[in-house]
Amino acid sequence: MKSETNIWQKDRETLFRELECTPDGLNQAEAKRRLEKYGPNELQAGTKKSVLRIFLEQFADFLVIILILAAAVSAMLGDVESTAVILAVITLNAILGTVQTVKAAASLDSLKQMSAPTAKVVRDGQTVQIPGREVVVGDVVVLEAGDSVCADGRLLECASLKCAESALTGESLPVEKDTVEIQGEAALGDRKNMVFSGSFVTYGRARFLVTSTGMDTEMGKIATLLKTTEEKKTPLQVSLDQFGRKLSIGILAICAVLFAVSVLLRGENVMNAFLFAVALAVAAIPEALSSIVTIVLSFGTQKMARENAIIRKLQAVEGLGSVSVICSDKTGTLTQNKMTVKKLYAGGRIIDVADADFHDPVQEPLLRTALLCSDATVNESGEVGDPTETALVHLGEDHGFDEEDVRSRWPRLAELPFDSDRKLMSTVHKLSGGYAMVTKGAVDVLMDRCVISPAARAEVEQANRTFSEQGLRVLAFAMRPLERPEVTLADENGLDFLGLIAMMDPPRPESKAAVRECIAAGIRPIMITGDHKVTAAAIAKEIGILTEGTEAVEGAVIDGMSDEQLRQFVPKVSVYARVSPEHKIRIVKAWQDRGNLVAMTGDGVNDAPALKQADIGVAMGITGTEVAKDAAGMVLADDNFATIVQAVKNGRNVYANIKRSIQFLLSGNAAGILTVLYASLLALPVPFAAVHLLFINLLTDSLPAIALGLEPHSDAVMREKPRQRSEGILTRPFLISVAVDGVIIAAATILAFHLGLSAGGAAVGSTMAFATLCLSRLFHGFSCKSGRPVLFTRAFWNNRFLLGAFVLGAVLLTAVLTVPVLEPLFQVAPLTMGQLGTVAGLSLGSMVLIQLRKLIRKG
Ligand code: ATP
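The rules behind each value
Residues numbered from 1 in each chain as written. Predicted model: local features only at pLDDT ≥ 70, side-chain atom pairs only at ≥ 80, totals over all residues. Heavy atoms only, no water. Pairing = 2+ DSSP bridges. Helix = DSSP H or I, 4+ residues; strand = E, 2+ residues; numbered from the N terminus. Domains from an automatic or database assignment. Contact = heavy atoms within 4.5 Å. Buried area = accessible area lost by both parts, 1.4 Å probe. Salt bridge = Lys/Arg side-chain N within 4 Å of Asp/Glu carboxyl O. Polar contact = N/O pair within 3.5 Å; in protein donor to acceptor, adjacent residues only side chain to side chain. Axes fitted to C-alpha atoms, helices over the stretch in contact; angles between N-to-C directions. Disulfide = S-S within 2.5 Å. Buried < 20%, exposed > 50% of the residue type's maximum accessible area, 1.4 Å probe, protein only. Phe/Tyr/Trp six-rings, centres within 6.5 Å; stacked < 30°, edge-to-face > 60°. Lys NZ or Arg CZ within 6 Å of the ring centre and 35° of its normal. pLDDT = per-residue confidence, 0-100. Near = heavy atom within 4 Å. Areas by Shrake-Rupley, 256 points an atom, 1.4 Å probe, with all protein chains shown as cover. Nonpolar A, V, L, I, M, F, W, Y, C, P; charged D, E, K, R; others polar.

Undergrad: Mind showing me how you'd approach the pairing of strand 11 (residues 349-352) here?
TA: Residues in a regular strand project their side chains so that they alternate between the two faces of the sheet. Sheet topology note: the strand 10 (residues 340-346)/strand 11 ladder contains 4 bridges and is antiparallel. Opposite alanine 346, over in strand 11, you have arginine 349 as the bridge partner.

Shown next, in the form of structure tokens:
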């Protein structure tokens with residue numbers, strides 16, 4: 001369903017008639033019918049890759065192409081067995097690659113769904129939150145600062161609405177909106193009475209009537225031209241790709257030299273030498289490096305999503321592992337965001353909420369203001385709105401005042417919505433013959449706007465201090481007469497003070513333990529809040545963020561500091577109160593300049609720049625605005641600080657697992673190439689046939705490497721200091737350890753080769769070398785589990801994927817070695833029981849030696 005063009009020119013009645021809807025919104029049944037009939041409100045930009053395409057892409061690899069060529073050549077030479085084996089290996093590899101890619105893509109897709117935007121629509125007369133994709137034409141949508149606009153529509157009501165439309169019009173500044181009718185043609189940017197899908201509300205509130213959704217929106221019209229942006233590679237993938245490329249060139253050079261030596265000096269058959277060189281390249285080049293990272297990261301994101309941390313950018317998982325500073329909001333993240341009013345201050349005295357009497361003429365205006373100057377509602381279907389405001393509504397209800405009654409008696413005529421920079425909110429009503437503006441907000445800000453004697457102000461400030469020291473969040477209330485039913489920011493002055501309301505927002509029970517874990521893991525937790533300094537400090541002390549030797553300051557103290565001064569200052573501060581979004585950016589930068597990797601939470605529209613500046617921007621899933629979510633790398637489904645700490649733990653574990661996989665891949669490949677080089681230098685027969693290398697590559701490369709990437713996560717990672725942000729995986733000690741493991745496995749393989757050579761000639765030698773390399777690599781998977789010895793510990797058995805990969809590899813190897821029909825196919829010679837025992841002994845021995853090395857190094 002779609003209204004005709006020039007919606008901005010039509011009068012509303014025509015629009016309602018054409019779209020068959022009312023200003024009170026659709027009913028659920030009709031909305032459901034429209035959703036089914038016209039489809040979901042989403043942009044189907046670009047094309048999603050089909051499984052077939054992913055499968056075919058697996059063949060677009062340099063080495064695979066060479067292998068296909070090799071298969072073609074051996075087919076022409078009539079070598080049916082080699083051809084069959086090579087083709088089987090290529091196909092199996094491609095299937096494995098496809099399954100992994102499809103799974104990784106599916107898990108990333110489901111993550112995207114989880115952080116997809118929602119919309120507040122009016123259905124059956126009630127405001128309800130629904131997924132943005134379920135919005136239909138005819139819906140009335142409620143907009144607030146920070147919301148993303150999910151469909152195109154005509155404004156019905158609007159209070160100081162400003163929208164950022166840069167995605168559509170390229171205009172970088174937010175555009176002011178209005179409900180006025182516009183005559184004649186108007187460019188997109190000039191249609192002030194309309195809002196567009198793909199834009200964000202930066203300020204104000206509004207309601208609009210949806211006139212088009214999905215591909216019918218202005219964004220949809222451009223979206224057909226857009227392609228889906230591919231997930232960018234993470235820094236780790238980029239550095240591994242670079243390393244892999246250099247390594248590949250080196251290996252290809254070695255293979256080329258070996259090929260030349262075999263043909264020119266040893267007079268071997270060109271085709272065989274070529275096939276061997278290709279197989280060696282395939283076996284030695286760790287082509288799985290970067291894809292292993294994607295797979296492990298995407299498995300990591302699934303675990304994190306189950307634990308309420310929804311990753312929006314794959315880079316975030318990697319970065320989480322080396323986070324060394326977490327800057328967190330207080331309200332709702334460290335605390336429960338469940339506000340209950342505890343105390344009042346009115347008529348010069350502190351009153352316990354239980355003793356409040358709102359029929360008293362001194363206390364009554366305070367409650368009335370609280371109910372009028374608030375957007376929250378509480379009804380049978382639950383609470384809607386900011387918890388600070390729902391606490392006020394509950395206060396009224398507990399004392400027999402219904403917010404709807406009060407609001408219908410004194411309807412709202414104009415408003416200045418709350419924003420956390422101004423820290424105030426005002427509404428205008430018709431009161432006792434004239435107009436009045438009622439205002440609520442932060443005590444320090446509001447007191448500066450009130451006309452009050454110094455003595456009375458000192459008393460209010462004393463009451464505020466008393467409340468704040470108990471960790472209570474305090475709001476001040478005031479009012480003034482107005483001459484007209486309109487309001488500007490300048491009117492928020494010359495106010496009459498009415499009183500204070502103090503509410504409790506208890507810390508989350510898990511915050512204390514999470515803070516402790518953070519500190520033990522070498523991570524500095526910092527509270528950054530819009531709330532009052534004394535309130536923030538009281539809560540921070542209770543949960544362990546504000547410790548001996550560190551202090552709580554107001555954001556304003558950093559205003560006069562140079563960047564260098566701030567860099568020196570930040571380590572001393574654990575709590576920043578009354579911060580502005582600019583302060584947040586400067587604090588993050590200062591910590592980054594000190595070499596830290598910083599995670600920063602945020603929820604408001606203005607937090608987006610700070611979230612982008614932080615290495616890991618963390619947005620609140622429940623209370624966060626869509627703008628904040630859009631800017632963040634991670635979204636907390638439960639808004640909980642403890643979830644960030646858990647995500648860091650997962651990030652560290654994921655990183656450790658990637659390291660395990662890489663250690664396994666590189667050391668095993670090194671062993672293969674060392675053995676071949678050794679044989680070549682000593683002019684011995686070739687230790688492996690091409691099919692051996694392909695078999696090893698298929699069975700002992702990818703599967704155990706992926707299994708190692710799925711090692712169970714451990715708490716031990718949180719007992720270490722964070723990894724330096726500049727430290728890559730391929731450090732010197734890491735590469736040395738890869739080389740040593742490679743040499744030990746190569747030594748076992750070479751020994752087996754010699755034993756075979758002397759007992760039964762080249763065929764037996766090559767069979768024993770192949771079997772030993774294969775089995776040693778399977779055993780080596782267990783050694784890569786930890787930097788410490790794992791033999792004879794429970795940790796040896798705790799990864800069922802690795803056990804599975806080992807068993808599968810061992811069974812298939814045994815089959816190749818013992819089933820006579822497979823002998824010609826895999827070019828193996830029959831081995832005696834003694835020789836089989838030697839293979840098993842040497843392979844096991846290589847693992848024991850590597851374990852001993854770990855024992856000595858750790859001891
Ligand atoms: P955090 O940054 O940790 O989430 P916060 O919720 O206190 O803390 P803001 O929402 O920026 O931060 O609020 C700043 C101050 O504005 C509060 O301390 C309070 O005094 C005042 N305030 C909060 N909500 C409202 C509101 N709905 N109306 C008026 N004033 C408010």
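From this point, things continue past the structure.
Undergrad: Would you explain the domain arrangement of the protein in this entry?
TA: When the parts of a complex come together, some accessible area is lost, and that lost area is often used as the size of the interface. With domains assigned, the protein is organised as domain 1 (1-231), domain 2 (233-304 + 648-717 + 729-858), domain 3 (310-335 + 508-639) and domain 4 (340-504). On a C-alpha basis, the centroid separation for the pair domain 2 and domain 3 is 44 Å. With 13 residues of domain 2 at the interface, the matching set in domain 3 holds 12 residues. Carbon and sulfur atoms make up 70% of the surface buried where domain 2 meets domain 3, a total of about 1,200 Å² over both sides. The largest share of the area that domain 2 buries against domain 3 comes from Met304, Val648 and Arg652, three residues that together contribute 42% of it. Connecting domain 2 to domain 3 are 1 salt bridge. Of the charged contacts, one joins glutamate 517 and lysine 649 as a salt bridge, the two residues approaching to 3.2 Å between their closest N and O atoms. Across the contact surface, domain 2 and domain 3 share 2 residue pairs in polar contact (both at pLDDT 80 or more).

Undergrad: What is the right way to read the sheet that holds strand 18 (residues 496-504) from this model?
TA: Two pairing modes exist for strands in a sheet, parallel and antiparallel, and in both the strands are linked by backbone hydrogen bonds. Reading across the sheet, the 7 strands line up as 11-10-18-17-16-15-14 and stay open at both edges, with antiparallel pairing between neighbours. In this open sheet, the two edge strands, each paired with only one partner strand, are strand 11 and strand 14 (412-419). Sheet twist, expressed as the average angle between the axes of neighbouring strands with direction ignored, equals 20°. Sheet topology places strand 10 next to strand 18; 5 bridges connect them, and they run antiparallel. Counterpart to leucine 344 in the pairing with strand 18 is isoleucine 501. Across the sheet, helix 13 (residues 387-398) is in contact with strand 10, strand 15 (424-431), strand 16 (434-442), strand 17 (473-482) and strand 18; its angle to strand 18 comes to roughly 100°.

Undergrad: What's the story with the state of the cysteines in this structure? I'm lost.
TA: Covalently bonding the sulfur atom of one cysteine to the sulfur atom of another cysteine gives a disulfide. If you walk through the whole model with that rule in mind, you get 0 disulfides. No disulfide involves cysteine 150; its sulfur sits 12 Å from the nearest other cysteine sulfur, which is in cysteine 163. Not engaged in a disulfide, the cysteine cysteine 163 finds its nearest cysteine sulfur in cysteine 158; these two sulfurs lie 8.3 Å apart. Of the residues examined, cysteine 163 reaches a relative accessible area of 0% and is grouped as buried.

Undergrad: It is not clear to me how the packing of aromatic side chains should be interpreted in this structure. Could you clarify?
TA: What describes a pair of aromatic rings is the distance from one ring centre to the other and the angle between the planes of the rings. In the structure shown here, the tally under the stated rule is 8 aromatic pairs. Residues phenylalanine 55 and phenylalanine 59 carry aromatic rings whose centres are separated by 5.3 Å and whose planes lie at 75° to one another, so their mutual orientation is edge-to-face. You can call phenylalanine 55 partly exposed: its relative accessible area is 22%. Judged by centre distance (5.5 Å) and plane angle (80°), the ring pair of phenylalanine 695 and phenylalanine 826 falls under edge-to-face. With phenylalanine 695 in helix 24 (residues 690-709) and phenylalanine 826 in helix 27 (residues 822-826), this pair connects stretches of sequence that are 131 residues apart. Across this residue pair, the class does not change: phenylalanine 695 and phenylalanine 826 are buried. If you follow lysine 162 out to its NZ or CZ, it ends over the ring of tyrosine 203, 5.8 Å from the centre. The ring of tyrosine 655 carries the charged tip of arginine 723 above its face, separated from the ring centre by 3.3 Å.

Undergrad: What should I look at first to understand the confidence of the model for the protein in this one?
TA: The predicted coordinates should not be examined in detail at positions where pLDDT is low. For the protein, mean pLDDT is 88; residues scoring 70 or higher make up 97% of the total. This stretch, residues 226-230, has a pLDDT under 50; its non-local contacts, to residues over four places away or in other chains, come to 7 contacts.

Undergrad: Even after reading the chapter, I still don't get the sheet that holds strand 20 (residues 551-554), so can you show me in this structure?
TA: Ordered in space as 8-24-23-22-9-19-21-20, the 8 strands form an open sheet in which the pairing is mixed. Edge positions in the sheet fall to strand 8 (309-311) and strand 20, since each has one partner strand and no second. The average undirected angle you get between the axes of adjacent strands in this sheet is 20°. For strand 22 (residues 598-602) and strand 23 (residues 616-620), the ladder comprises 4 bridges, and the chain directions are parallel. Considered in strand 23, the bridge of threonine 601 is made with valine 618.

Undergrad: What is the right way to read the site of the ligand from this model?
TA: Lys330, Thr331, Ser420, Arg473 and Thr529 are the nearest of the 18 residues found near the ligand. Between the ligand and glutamate 389, the relevant distance is 3.0 Å, taken from a nitrogen atom to a side-chain nitrogen or oxygen of the residue. Contact distances for the ligand include 2.9 Å between an oxygen atom and a backbone N or O atom of glycine 530. For the ligand, whose unbound accessible area comes to 610 Å², protein coverage reaches 91%. Among the elements of the structure, strand 16 and strand 17 are those that each provide at least two residues to the shell around the ligand. Grouping the constituent residues of the shell around the ligand by class yields 4 nonpolar, 5 polar and 9 charged. Both domains that furnish three or more residues to the shell around the ligand are identified here as domain 3 (310-335 + 508-639) and domain 4 (340-504).

Undergrad: When you look at the environment of threonine 625 in this model, what are you seeing that I'm missing?
TA: With respect to the secondary-structure elements, threonine 625 resides in the loop between strand 23 and helix 22 (626-631). For the pair threonine 625 and valine 557, spaced 68 residues apart in sequence, the C-alpha to C-alpha distance is 28 Å. In this structure, threonine 625 is in contact with Ala145, Gly146, Asp603, Gly604 and Val605, ignoring residues within four places of it in sequence. A distance of 2.7 Å separates a polar side-chain atom of threonine 625 from the backbone oxygen of aspartate 603.

Undergrad: I tried to follow the pattern of salt bridges on my own but got confused; where do I start?
TA: Two side chains that carry opposite charge are able to pair once their charged atoms sit near each other. Within the structure shown, the criterion is met by 38 salt bridges. As a salt-bridge pair, lysine 303 and glutamate 307 come within 2.8 Å of each other at their nearest N and O atoms. With a shortest N-O distance of 2.8 Å, aspartate 444 and arginine 578 are connected by a salt bridge. Of this pair, aspartate 444 sits in helix 15 (residues 443-448) while arginine 578 is found in the loop between strand 21 (573-577) and helix 20 (581-593), placing the two residues 134 residues apart along the sequence. For arginine 578, a relative accessible area of 12% corresponds to the buried category. Residues joined by salt bridges that share partners form a network here, namely Lys120, Glu144, Asp147, Arg205, Asp375, Arg412 and Glu415.

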